2 protein chains.
Amino acid sequence: MASNDIVTAGLLVIGDEILSGRTKDKNIGYIAEYLTAIGIDLKEVRVVPDDEDEIVAAVNAMRSRYSYLFTTGGIGPTHDDITADSVAKAFGVAVMEDQRIIEMLLTRFKPEDLHEGRRRMARVPHGADLVPNPVSRVPGFRIENVIVMAGIPAVMQGMLDGVAPSLQTGIKMLSVSIRADSREGDIALPFGAVAKAHPDVIMGSYPFSDDRGPNTNLVLRSRDPEKLAAAKEAVEDMLIAVRGKAA
Amino acid sequence: MASNDIVTAGLLVIGDEILSGRTKDKNIGYIAEYLTAIGIDLKEVRVVPDDEDEIVAAVNAMRSRYSYLFTTGGIGPTHDDITADSVAKAFGVAVMEDQRIIEMLLTRFKPEDLHEGRRRMARVPHGADLVPNPVSRVPGFRIENVIVMAGIPAVMQGMLDGVAPSLQTGIKMLSVSIRADSREGDIALPFGAVAKAHPDVIMGSYPFSDDRGPNTNLVLRSRDPEKLAAAKEAVEDMLIAVRGKAA
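Quick summary incoming for the structure in this document. (Residues numbered from 1 in each chain as written. Chains lettered and ligands numbered in written order. Predicted model: local features only at pLDDT ≥ 70, side-chain atom pairs only at ≥ 80, totals over all residues.)

Once that is clear, we can look at the overall build of chain A. The helix and strand tally for chain A stands at nine helices and eleven strands. Here chain A has a C-alpha radius of gyration of 23 Å; the compact-globule value for 247 residues is 18 Å, and the former is much larger. Its C-alpha atoms give chain A principal-axis dimensions of about 80 × 40 × 30 Å. The buried share of chain A, reckoned over its 247 residues, is 46%. For chain A, long-range pairs separated by at least 24 residues make up 67% of all intrachain contacts whose partners lie at least 6 apart in sequence. (Helix = DSSP H or I, 4+ residues; strand = E, 2+ residues; numbered from the N terminus. Rg over C-alpha atoms; globule rule 2.2 N^0.38 Å. Buried ≥ 20, exposed ≤ 12 C-beta atoms within 10 Å, placed from the backbone. Contact = placed C-beta atoms within 7 Å.)

The next thing to look at is the sheet that holds strand S3 (residues 68–72) of chain B. One open sheet accounts for twelve strands, arranged S6(A)-S7(A)-S8(A)-S3(A)-S1(A)-S2(A)-S2(B)-S1(B)-S3(B)-S8(B)-S7(B)-S6(B); its pairing is mixed. Pairing within the sheet leaves two strands with one partner each, and these edge strands are strand S6 (129–133) of chain A together with strand S6 (129–133) of chain B. Strand after strand, the sheet turns through a mean of 20 degrees between neighbouring axes, direction not considered. Relative to strand S8 (residues 146–149) of chain B, helix H4 (residues 83–91) of chain B is tilted by about 170 degrees, and along the sheet it contacts strand S1 (8–14), S3, strand S7 (137–143) and S8 of chain B. (Pairing = 2+ DSSP bridges. Axes fitted to C-alpha atoms, helices over the stretch in contact; angles between N-to-C directions.)

Turning our attention to the interface of chain A and chain B. Contact residues are listed per partner, giving 48 residues for chain A and 48 residues for chain B. Elements represented by at least two residues in the side of chain A that touches chain B include exactly helix H1 (16–19), helix H2 (27–38), strand S2 (41–48), helix H6 (116–120), helix H8 (184–197) and strand S10 (202–210) of chain A. In the side of chain A that touches chain B, the residues fall into 20 nonpolar, 14 polar and 14 charged. As paired elements, S2 of chain A and strand S2 (residues 41–48) of chain B share three bridges and run antiparallel to each other. Pairing of Arg46 of chain A across the sheet is with Arg46 of chain B, part of S2 of chain B. (Nonpolar A, V, L, I, M, F, W, Y, C, P; charged D, E, K, R; others polar.)

Further remarks concern the pairing of S2 of chain A. Residue and element names in this part refer to chain A. In terms of burial, S2 is largely enclosed, as eight of its eight residues are buried. Pairing between strand S1 (residues 8–14) and S2: seven bridges, direction parallel. Across the sheet, residue Leu12 finds its bridge partner in S2, namely Arg46.

Over its twelve residues, H2 of chain A runs 16 Å from end to end, which matches the ideal 16 Å to within 8%, given 1.5 Å per residue. When H2 of chain A is considered as a whole, its buried residues turn out to be Asn27, Ile28, Ile31, Ala32 and Leu35 of chain A. One side of H2 of chain A carries all its buried residues, which in axial view fall inside an arc of 125 degrees. Among the structural elements, S1, S2, strand S3 (68–72) and helix H7 (153–163) of chain A together with helix H1 (16–19) of chain B are those in contact with the buried residues of H2 of chain A. Residue Gly39 of chain A follows H2 of chain A closely and has a positive phi angle near 90 degrees. (Expected span 1.5 Å × (residues − 1). Arc of directions from axis to C-beta.)

So, about H7 of chain A. Those residues of H7 of chain A that fall on the buried side of the exposure criterion are Val155, Met156, Gly158, Met159, Leu160 and Val163 of chain A. The inward-facing, buried residues of H7 of chain A abut H2, S3, S6, strand S7 (137–143) and strand S8 (146–149) of chain A.

What follows deals with the relation of the copies chain A and chain B. For the pair chain A and chain B, the best superposition has an RMSD of 0.0 Å and corresponds to a rotation of 180 degrees with a translation of 0.0 Å parallel to the axis. The transformation relating the two chain copies, once decomposed into turn and shift, fits a two-fold axis. Minimal C-alpha separation from the rotation axis in chain A is found for Arg46 of chain A, amounting to 2.2 Å. Interface residue correspondence from chain A to chain B reaches 100%, placing this contact among same-surface, isologous pairings. (Least-squares fit on C-alpha atoms with pLDDT ≥ 70 in both.)

Residues and elements named next belong to chain A. Where H2 meets H7, the axes come as close as 11 Å, and the angle between the chain directions of the two elements is 20 degrees. By the angle between their directions, the pair H2 and H7 is classed as roughly parallel. Judged by the twist between their axes, the crossing of H2 over H7 is right-handed. For the pair H2 and H7, contact is made by Asn27, Tyr30, Ile31 and Tyr34 and by Pro153, Met156, Gln157 and Leu160, respectively. Of the residues assigned to the contact of H2 with H7, the class counts are six nonpolar, two polar and no charged. (Parallel < 35°, antiparallel > 145°, perpendicular 65-115°, else oblique. Left-handed = near helix turned anticlockwise from the far one by under 90°.)

Another point: unusual backbone geometry. Residue and element names in this part refer to chain B. Even without glycine at this site, Arg137 takes up a positive phi of about 75 degrees. With respect to the helices, strands and loops of the structure, Arg137 is situated in strand S7. A count of 15 C-beta atoms within 10 Å places Arg137 in the partly exposed class. Of note in this structure, Glu144 is not a glycine but carries a positive phi near 50 degrees. Structurally, the position occupied by Glu144 is in the loop between S7 and S8. A residue is classified by how many C-beta atoms lie within 10 Å of it, and Glu144, with 13 of them, is partly exposed.

Another point: the pairing of S3 of chain A. Residues and elements named next belong to chain A. Within S3, five of the five residues are buried, which leaves the element mostly enclosed by the surrounding structure. Here S3 shows a buried face lined by Tyr68, Phe70 and Thr72 and a second buried face lined by Leu69 and Thr71. Of the pairings in the sheet, the one linking S3 to S8 comprises four bridges and is parallel in character. For Thr71, the partnering residue across the bridge sits in S8 and is Val148.

Structural data, given as structure tokens:
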């Protein structure tokens, strides 16, 4: 499989309120599932505070490593919303007031109410494209491979829907989940042997408990449907053999 | 305030299943809130895949930066549980089978059932201390300032309770939340002015909507109760002035 069939992403969550625990993040899981479904591999997530140096360092570390970097948070009208300035600084470009956003704001606010605070929401790095916001209208933006979205989940989700069609996507990662009906420790060795024999299929083991006691989900992932099917069969045969021995 | 009054932490979440979106992380918010409550500032979170190089790089980047580094995930019996090996590699030490864990496992399993897979759970970096696990008994471990915990929330929470009394903690960050009864954009400028006048109090603004329409929570944080009280009064005066102008 050529390497250009794989499209990767990083996610940078910006906000003191996530790190203090006051706000519980709801975006990481949503974005992870969304990107997986459209054929983009989320490879890393970072959560950093509302601190320009921290944001700049994380943006530059992650944008160079992955096909795309998504950010959430810090694009509102208040003094603690510093994402646009920080991303501009990471790219070494100026922050501009975007006339398209000013016009959009003027459809919502009277000119006399469009003060400096609200105008902050129109500031984007020079050369950025806008990411539409179907929920509350004030857009996010995109500069090169960095996509800057709001932190409020409903707004972020609308922006992700808006930007997704413009993204390059790779061959989708396929997955199957197999309920082992065994304790994780009882299948650890044979499962490891099956994983070793199927190196192109990523295999993970996730213990859980329900009314019937300890159990395990085995998750197999591959971009190749035939290899995935062969690995699934091997895992199912392994489970039958283990349960036979246990009985 | 002396710098040793501030104790910081990083959190490293290890697991393909979080990045694929299959499992939604429940540990970040819990740990953030827990550490804040005991006087440790969570400064950064990273989520990385089950990949040794990625884990080693993140452990080394974060353990040198913060007073403590907590990790979750990857300490079970299967081939994809590589946290102990990765942390040992980050410290440049060998992984040893810990006799205390073997003995504990022998209270749960017959010697003939204690195969190589289950014995994996006894492997810890040389020199590590154990972190007790009141839920499912197999412990986590601590090496220098790195605390390695399970990924299953109930187990992680038990381990955190076990390790917390041994941690150095700083002066607690205090916070107050003020419901603005204003739209975020309407208070952005005066709120920024109050923040500027109270540089030792961190002020954040969090818009939300309820039945009565758009609203904003203002969160003020400081380690100094007097400075926090003065800032709270200034914010409340500001809100009265803004609402008076709007009425």
